[in-house]
Amino acid sequence: MQYYLYKLDFPNGVHLGADLPGIGVEKVQPTGRADMFFSAFCHALLAQNGREYLEQWLDDYASNPAWLISDLLPYEEDDLYWPRPMFPDRKPLEIRLDEQSLSSSTKKRWKKWNYLPLALWEDYCEGLADGELPETPENLPWHQTLIAKVGKTYSTLSDPYQMGIIYFRENG
């Protein structure tokens, strides 16, 4: 299978809403789901080429998908970050870590990581790596902040709210 890796750049930050029910626009995450990206791609096709083109493209894609996409995942330079794996068919990580002779601080640091640099992924899967495990979240290549916004209403009252934005470090 042939694949390509595209690194998207968001120099002014990006709002990728958290995938949790009942959460407002203030919650964000450093990843985007594949269906969200596909929807944005379709909206761009619609804006650029019109409804007829989009409908024809979707018909063609449904009968013969020329490409598939994955979720949008964070990166920094050459370090790719993947979601921390879950092992339903194995012992939970906490038990495997307890069976290892890892320090308590290392076990706690592993549990904090929601996204692992690819370089640490294999170590995590093996339940290893007592040593140079970076702290989190200070060393992650992204941070989130809240910005104040004002909703436009038809009344004379403004409707202020906060919206979460993810900022990635340069090259990340």
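From a predicted model like this one, the values you see are computed outputs, not experimental measurements. (Residues numbered from 1 in each chain as written. Predicted model: local features only at pLDDT ≥ 70, side-chain atom pairs only at ≥ 80, totals over all residues. Heavy atoms only, no water.)

(A) Region of interest: the layout of surface pockets. The calculated volume of the largest pocket comes to roughly 1000 Å³. As for the largest pocket, its lining consists of 30 residues, and the residues nearest its centre are Tyr4, Leu5, Tyr6, Ser70 and Asp71. In terms of residue count, strand β2 (residues 79-83) provides more of the lining of the largest pocket than any other element does, three residues in total. In the lining of the largest pocket, the residues fall into 22 nonpolar, five polar and three charged. (1 Å grid on protein atoms, 1.4 Å probe; cavity = no way out; pocket = protein on both sides within 12 Å on 5 of 7 lines; lining within 4 Å. Points joined across faces, edges and corners; volume = space filled by probe spheres on them. Helix = DSSP H or I, 4+ residues; strand = E, 2+ residues; numbered from the N terminus. Nonpolar A, V, L, I, M, F, W, Y, C, P; charged D, E, K, R; others polar.)

(B) Broad picture of the environment of Gly32. Note on placement: Gly32 falls in the segment before α1 (34-49). Taking the C-alpha atoms as reference points, Gly32 and Leu73, 41 residues apart in sequence, are found 7.0 Å from one another. With residues up to four places along the chain from it excluded, the contact list for Gly32 reads Leu16, Asp71 and Leu72. (Contact = heavy atoms within 4.5 Å.)

(C) Summary view of α1. Look at α1: 22 Å from first C-alpha to last across 16 residues, which is about the 22 Å you get at 1.5 Å a residue. The set of residues buried in α1 consists of Ala34, Cys42 and Leu45. The buried residues of α1 occupy one face: seen down the axis, they fall within an arc of 75°. When the buried face of α1 is taken as reference, the exposed residues oriented beyond 90 degrees from it are His43 and Ala47. Elements in contact with the buried residues of α1: α2 (51-63). At the exit of α1 stands Gly50, carrying a positive phi of roughly 95°. (Expected span 1.5 Å × (residues − 1). Buried < 20%, exposed > 50% of the residue type's maximum accessible area, 1.4 Å probe, protein only. Arc of directions from axis to C-beta.)

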